[in-house]
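One-letter residues, chain by chain:
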Amino acid sequence: MTRIALLGAGLIGREHAELLTSHPGATLAAICDPSGEAVQLAARLGVPHFAEYAPMLDAVKPDGAIIALPNHLHAPAALACIERNVVCMIEKPIAESVAAAARITAASESAGVPVLVGHQRRHSPDIRSAKRTIEAGELGQLVAVNGMTLFDKPDNYFDATWRKQPGGGVLLINLIHDIDVLRHLVGEIDSIRAFTSSARRGFEVEDTASIAIRFVNGVLGTFLISDGAVSPWAWEYTSGQALYHPTQPGPCLFLAGRKAALSVSDMYLWRHANENEHWQHPLVREHRPGGLSLTYVNQLDHFIAVIRREAEPLISARDGMATLAATLAVDRSSREDRTVTLTEMLAEGTNAA
Ligand SMILES: NC(=O)c1ccc[n+]([C@@H]2O[C@H](COP(=O)([O-])OP(=O)(O)OC[C@H]3O[C@@H](n4cnc5c(N)ncnc54)[C@H](O)[C@@H]3O)[C@@H](O)[C@H]2O)c1
């Protein structure tokens, strides 16, 4: 049994705790969170409780740790794990800044202690199927992608003050998952040009953004996101894999290549009946379903394999840092009204090191 400790038993941490207690290959070794709810959770699950993570890591000596703490605590907690040779899974975003992400990346790589970043969508059946379809060459060379995350968060979601302030908006909370999927499926991002708006709610933080993306391999992409508009076009609905949303089958991401196109999450592939057929002939539609596995269980299976050194992290610290940098580039591009490169954003990590 792989012994995994939990750092932070809030909204997402509680989900990890439940997943760990029901997994056949892992046990929940301890919970660290000073809140009263966490004390109760640990008692209910019959596991040791700690208020601080360093003494917990020293006392429990877990094989792995899940870090589900507020963003600014990801880096110190990850460094504490790496120092003790404990493989950790860090919830997204890897850290609150590229500089903090760079510290985690440097520590992980120099100590040879793997880190997995919790971008769970890469483990979801639809994204896995899309990845397989692209890698099998079924779409041919990718040309263009277009995606959407449009949903309406309720007013009381913003009762927490930090959600109204920079860092608490739709970019770092939601778009970061979409950026991660785009990097995973299409390739590394070269540069970004974006507009953001807070017109829907009038908060200091953005609620809506339109983004143009140039990928290093020449593919061009666009993405539209808002947490203040009603629509079914968001992975949370279309995948049927999110924790707190109903399933609403349909598409939210469109990938078009020289040979065929694919929509996610409905997983329809559209191609000519015969390659290079005339554009006025009807296309053929095929299905590339992803299967019925569960995203968060798949992620935990993978994390256990990483802890046992049976697999390399699907999203390493370096990878998670690039996803964060590209997401922050959206904000900078809008604020400064210019194109922002990933190289420029990543330099902040290098300069801070
Ligand atoms: N992957 C996803 O889809 C997803 C979903 C939700 C949240 N998240 C991420 O997970 C992290 C946690 O988010 P959340 O919504 O669960 O937050 P939350 O505020 O509900 O939970 C955070 C918990 O950390 C505890 N905590 C604070 N300081 C601590 C410390 N020093 N030591 C131990 N515990 C401490 C708090 O008491 C709280 O219970 C964030 O980074 C967030 O971005 C990811």
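Coordinates for the structure precede this section.
Described in the following lines is the structure provided in the data block. This one's a predicted model, so the numbers in the text were calculated from it and none came from an experiment.

Remarks on the pairing of strand β12 (residues 260–264)
Phase 1: Counting buried residues along β12, 4 of its 5 residues qualify, which places the element largely inside the surrounding structure.
Phase 2: Where strand β11 (residues 253–257) lies against β12, 4 bridges are found, and the strand directions are antiparallel. Residue pairing in the sheet places Phe254 in a bridge with Ser263 of β12.
Phase 3: Between β11 and β12, which follow one another and run antiparallel, lie 2 residues.
Phase 4: Sheet topology note: the β12/strand β13 (residues 268–271) ladder contains 4 bridges and is antiparallel. Counted as the bridge partner of Ala261 is Trp270 from β13.

As for the layout of surface pockets
A probe as big as a water molecule, rolled over the atoms, marks out the empty space that is left.
Phase 1: The volume enclosed by the largest pocket comes to roughly 1,300 Å³.
Phase 2: Taken together, 43 residues line the largest pocket, and the ones lying closest to its centre are Leu11, Lys92, Tyr157, Arg163 and Ile173.
Phase 3: At the level of elements, α1 (11–22), α7 (170–185) and α8 (235–238) are the ones that each hand at least two residues to the lining of the largest pocket.
Phase 4: With 4 residues, the single largest contributor to the lining of the largest pocket is α7.
Phase 5: By residue class, the composition of the lining of the largest pocket is 21 nonpolar, 13 polar and 9 charged.
Phase 6: Residue-level mapping places the lining of the largest pocket at the junction of two domains, with at least three residues from each of domain 1 (2–121 + 297–315) and domain 2 (122–293).
Phase 7: Considering only enclosed or pocket space, the second largest pocket measures out at about 270 Å³ in volume.

Considerations on unusual backbone geometry
Phase 1: Between Lys92 and Pro93 the backbone carries a cis peptide bond, its omega angle lying at -15 degrees.
Phase 2: One can find Pro93 in the loop between β5 (87–91) and α5 (98–111).
Phase 3: In this model, Val264 is joined to Ser265 through a cis peptide bond whose omega is 10 degrees.
Phase 4: Inspection of the secondary structure puts Ser265 in the loop between β12 and β13.
Phase 5: Positioned with a positive phi, Lys61 is a non-glycine residue whose angle comes to about 45 degrees.
Phase 6: Relative to the helices and strands, Lys61 resides in the loop between α3 (53–60) and β4 (64–67).
Phase 7: A positive phi angle, close to 60 degrees, is found at Arg309, a residue other than glycine.
Phase 8: Positionally, Arg309 belongs in the loop between α9 (295–307) and α10 (317–336).
Phase 9: With a relative accessible area of 45%, Arg309 lands in the partly exposed category.

Quick word on empty space enclosed by the protein
Phase 1: Counting across every chain of the model gives 3 cavities of 30 Å³ or more.
Phase 2: Of the pockets and cavities examined, the largest cavity occupies roughly 90 Å³.
Phase 3: Elements represented by at least two residues in the lining of the largest cavity include exactly β7 (142–150) and α7.
Phase 4: The element best represented in the lining of the largest cavity is α7, accounting for 3 residues.
Phase 5: Tallied by class, the residues present in the lining of the largest cavity amount to 9 nonpolar, 1 polar and 2 charged.

Side note on the sheet that holds β4
The strands that make up a sheet are held in pairs by hydrogen bonds between backbone atoms, and each pair lies either parallel or antiparallel.
Phase 1: Pairing is parallel in the open sheet, where 6 strands are placed in the order β3-β2-β1-β4-β5-β6. Unpaired on one side and paired on the other, β3 (49–50) and β6 (115–118) mark the two borders of the sheet.
Phase 2: Pairing of strand β1 (residues 2–7) with β4, which is carried by 4 bridges, proceeds in the parallel orientation. Paired with Leu6 across the bridge in β4 is Ile66.
Phase 3: Against the sheet, α3 touches β1, β2 (26–32) and β3, its axis set at about 140 degrees to β2.

What to know about the site of the ligand
Phase 1: The environment of the ligand is made up of 22 residues, and the closest members are Asp33, Asn71, Glu91, Lys92 and Gln120.
Phase 2: A distance of 3.3 Å is found between an oxygen atom of the ligand and a backbone nitrogen or oxygen belonging to Leu69.
Phase 3: For the ligand, an oxygen atom lies 2.9 Å from a polar atom in the side chain of His74.
Phase 4: Expressed as a share of its isolated accessible area of 850 Å², the protein-covered part of the ligand is 72%.
Phase 5: Classifying every residue of the shell around the ligand gives 11 nonpolar, 8 polar and 3 charged.

What counts and what doesn't
- Residue numbers here run from 1 along each chain, matching the order of that chain's written sequence.
- At least 70 in pLDDT is required for a residue's local features to be given in this predicted model, at least 80 for side-chain atom pairs to be given and counted, and no such filter applies to totals for whole chains, interfaces and linings, which use all residues.
- The side-chain quantities take in all heavy atoms of the structure and omit both hydrogens and water.
- The buried label applies to any residue whose accessible area, calculated with a 1.4 Å probe on protein chains only, is under 20% of its type's maximum; exposed applies above 50%, and partly exposed to all values in between.
- By the criteria applied, helices consist of DSSP H or I runs no shorter than four residues and strands consist of E runs no shorter than two, each listed in order from the N terminus.
- Here, strands pair whenever DSSP counts at least two bridges between them.
- A pocket, in this scheme, is an open set of points on a 1 Å grid over the protein atoms alone with protein on both sides within 12 Å along at least 5 of 7 lines, while a cavity is a set where a 1.4 Å probe fits but cannot get out; residues line either one if an atom lies within 4 Å of a point.
- Grid points are joined across faces, edges and corners, and a volume is the space filled by probe spheres set on the points.
- Following the grouping adopted for this structure description, the nonpolar residues are Ala, Val, Leu, Ile, Met, Phe, Trp, Tyr, Cys and Pro, the charged ones are Asp, Glu, Lys and Arg, and the polar ones are all others, Gly among them.
- An automatic or database domain assignment provides the domain bounds reported here.
- Note on contacts: a residue pair is in contact if any heavy atoms of the two residues lie within 4.5 Å.
- Axis lines are fitted to C-alpha atoms, over the contacting stretch for helices. Their N-to-C directions set the angle, which ranges from 0 to 180 degrees.
- Near, as used in this document, describes a residue that has one of its heavy atoms within 4 Å of the molecule or strand being considered.
- Under this definition, polar contacts are N or O atom pairs within 3.5 Å; protein pairs additionally need one hydrogen-donor-capable and one acceptor-capable atom, and for neighbouring residues in sequence, both atoms have to be side-chain atoms.
- Using a 1.4 Å probe, the Shrake-Rupley method yields the accessible areas, and only the shown protein chains count as cover for residues.

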